[in-house]
Amino acid sequence: MSERESINGSAERRLGVFKTYKLYVGGKFPRSESGRVYEVTDSKGAWLANAPQSSRKDARDAVVAARKAFGGWSGATAYNRGQVLYRVAEMLEGRKEQFVREVAASEGLSKSKAAAVVDAAIDRWVWYAGWTDKIGQISGGANPVAGPFFNLSTPEPTGVVAVLAPQKSSLLGLVSVIAPVIATGNTAVVIASADAPLPALSLGEVLATSDVPGGVVNILSGATAELAAPLAAHQDVNALDLTGAGAELAKELEIAAADNLKRVLRPQPAEADGSDASTDWLAAPGTHRLTAFLETKTVWHPTGALGASGSSY
């Protein structure tokens, strides 16, 4: 038997190596605290993988990690955050084939359509990377006042944002809701699509090998309603993005969020049923998601006098 025949024979006898998907919390990859998993299937019902079924304890751990990371991330320069987001795009580009396979299986797309979606997701990261040091120019500035004062308004990040990812758009929609949150200096706890969580869990691997500090983005998989309820009521969560919530769930979460006056980004009309099936995630995103989780700080400062003539600056 030749060496080539031996190698081929060995290849035919190889066992398949199945990927173990894990959560992404605090820059690490824990299994769910509950020990539970659930089956993820493709659009035709064929088994793809077992995904971790996150628990309320996992959600609370993710909030702790996000809060711990907030100071360093919000304190970084906007230019530096832009560099980090661009690095994520670079890493996504290098793993494009993997994401094409996962998106195609998750969303029932052809390989060519899935490739177009992945390309758009990478471009979306680059787009938001370019906004990190520019958003302040359109959401802040000098205000005219009647008096010898400077009056300056500047945007600041809100804090920890709980994000309910779109249910149908497993990568492009996911990127479209995560990137603007962290681009503006917030940290995120993300609940991935319940039915199509695999691209989100793989995105955690990309973030871990990029320059994103641990805890800036935390990704959970499981039942959306089960995980969203404790996050909406959590006193250390500052804001909610309800994109992936149906109308009834969104209403319940808004009520819970009112307890500590969380900022809430409601689903758009096309997303109101939680399916986001009719949402055009390929469309230009605009800046509304960038400004949704920013606070405005206004500072007054006397101009002061420069000389006996009374001139001032």
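In the block above lies the structure referred to throughout.
Residues numbered from 1 in each chain as written. Predicted model: local features only at pLDDT ≥ 70, side-chain atom pairs only at ≥ 80, totals over all residues. Heavy atoms only, no water.

K.L.:
With reference to specific residues and values, describe the pairing of strand 1 (residues 37-41).
P.N.:
In the sheet, strand 1 pairs with strand 2 (residues 47-52) via five bridges, with the strands oriented antiparallel. Bridging across to strand 2, Val37 finds its partner in Pro52. Where strand 1 folds back onto strand 2 in an antiparallel hairpin, the turn is made up of five residues, including Gly45, whose phi is positive at roughly 90 degrees. (Pairing = 2+ DSSP bridges. Helix = DSSP H or I, 4+ residues; strand = E, 2+ residues; numbered from the N terminus.)

K.L.:
Quick one: what's the story with the sheet that holds strand 8 (residues 239-241), residue by residue and with numbers?
P.N.:
The five strands lie next to each other as 7-6-5-8-9, forming an open sheet whose pairing is parallel. The two strands at the open ends of the sheet, each matched to only one other strand, are strand 7 (217-220) and strand 9 (263-265). Neighbour-to-neighbour, the strand axes of this sheet turn through a mean angle of 15 degrees, independent of strand direction. Here three bridges tie strand 5 (residues 160-164) to strand 8, and the two strands are oriented parallel to one another. Residue pairing in the sheet places Val163 in a bridge with Asp241 of strand 8. The strands touched by helix 9 (residues 224-233) are strand 5, strand 6 (187-191), strand 7 and strand 8; relative to strand 6, the strand with the most contacts, the crossing angle is about 150 degrees. (Axes fitted to C-alpha atoms, helices over the stretch in contact; angles between N-to-C directions. Contact = heavy atoms within 4.5 Å.)

K.L.:
Tell me what's going on with the packing of aromatic side chains, and back it up with residues and numbers.
P.N.:
The full count for this structure, using the stated rule, is four aromatic pairs. Between the aromatic rings of Trp127 and Tyr128, the centroid separation amounts to 5.0 Å while the plane-to-plane angle is 85 degrees, which identifies the pairing as edge-to-face. The class of Trp127 is partly exposed, set by a relative accessible area of 32%. An aromatic cluster is built from Trp127, Tyr128 and Trp131, whose rings are joined through pairwise contacts. Over the aromatic face of Phe70 sits the side chain of Arg67, whose NZ or CZ is 5.6 Å from the ring centroid. (Phe/Tyr/Trp six-rings, centres within 6.5 Å; stacked < 30°, edge-to-face > 60°. Buried < 20%, exposed > 50% of the residue type's maximum accessible area, 1.4 Å probe, protein only. Lys NZ or Arg CZ within 6 Å of the ring centre and 35° of its normal.)

K.L.:
Just give me the short version of helix 10 (residues 247-257), but keep the residues and values in it.
P.N.:
Looking only at helix 10, the buried set comprises Leu249, Ala250, Leu253 and Ala257. Along helix 10, the residues classed as buried sweep out an arc of 100 degrees about the axis, all on the same side. The exposed residues of helix 10 that point more than 90 degrees off its buried face are Ala247, Glu248, Lys251 and Ile255. Of the surrounding secondary structure, the elements contacted by the buried residues of helix 10 are strand 5, helix 9, strand 8 and strand 9. (Arc of directions from axis to C-beta.)

K.L.:
I'd like a description of unusual backbone geometry, backed by residues and values.
P.N.:
Although it is not a glycine, Leu261 adopts a positive phi angle of roughly 55 degrees. Mapped onto the elements, Leu261 comes out in the loop between helix 10 and strand 9.

K.L.:
Give a description of helix 8 (residues 198-208) that names residues and reports values.
P.N.:
In an α-helix, one turn spans 3.6 residues; hence positions three or four apart end up facing the same way. Most of helix 8 sits inside the fold, with nine of its 11 residues counted as buried. Listed as buried for helix 8 are Leu198, Pro199, Ala200, Leu201, Ser202, Leu203, Gly204, Val206 and Leu207.

K.L.:
Requested: an account of the packing of helix 2 (residues 56-75) against helix 9, with residues and values cited.
P.N.:
Axis separation between helix 2 and helix 9 bottoms out at 9 Å; the angle between their running directions is 45 degrees. Taken as axis vectors, helix 2 and helix 9 run oblique relative to one another. The way helix 2 lies across helix 9 gives a crossing that is right-handed. Contact with helix 2, carried on its side by Arg56, Ala59 and Val63, involves Glu226, Ala229, Pro230 and Leu231 of helix 9 and no other residues of that element. The residue inventory of the contact of helix 2 with helix 9, partitioned by class, reads five nonpolar, no polar and two charged. (Parallel < 35°, antiparallel > 145°, perpendicular 65-115°, else oblique. Left-handed = near helix turned anticlockwise from the far one by under 90°. Nonpolar A, V, L, I, M, F, W, Y, C, P; charged D, E, K, R; others polar.)

Geometry only, nothing functional implied.
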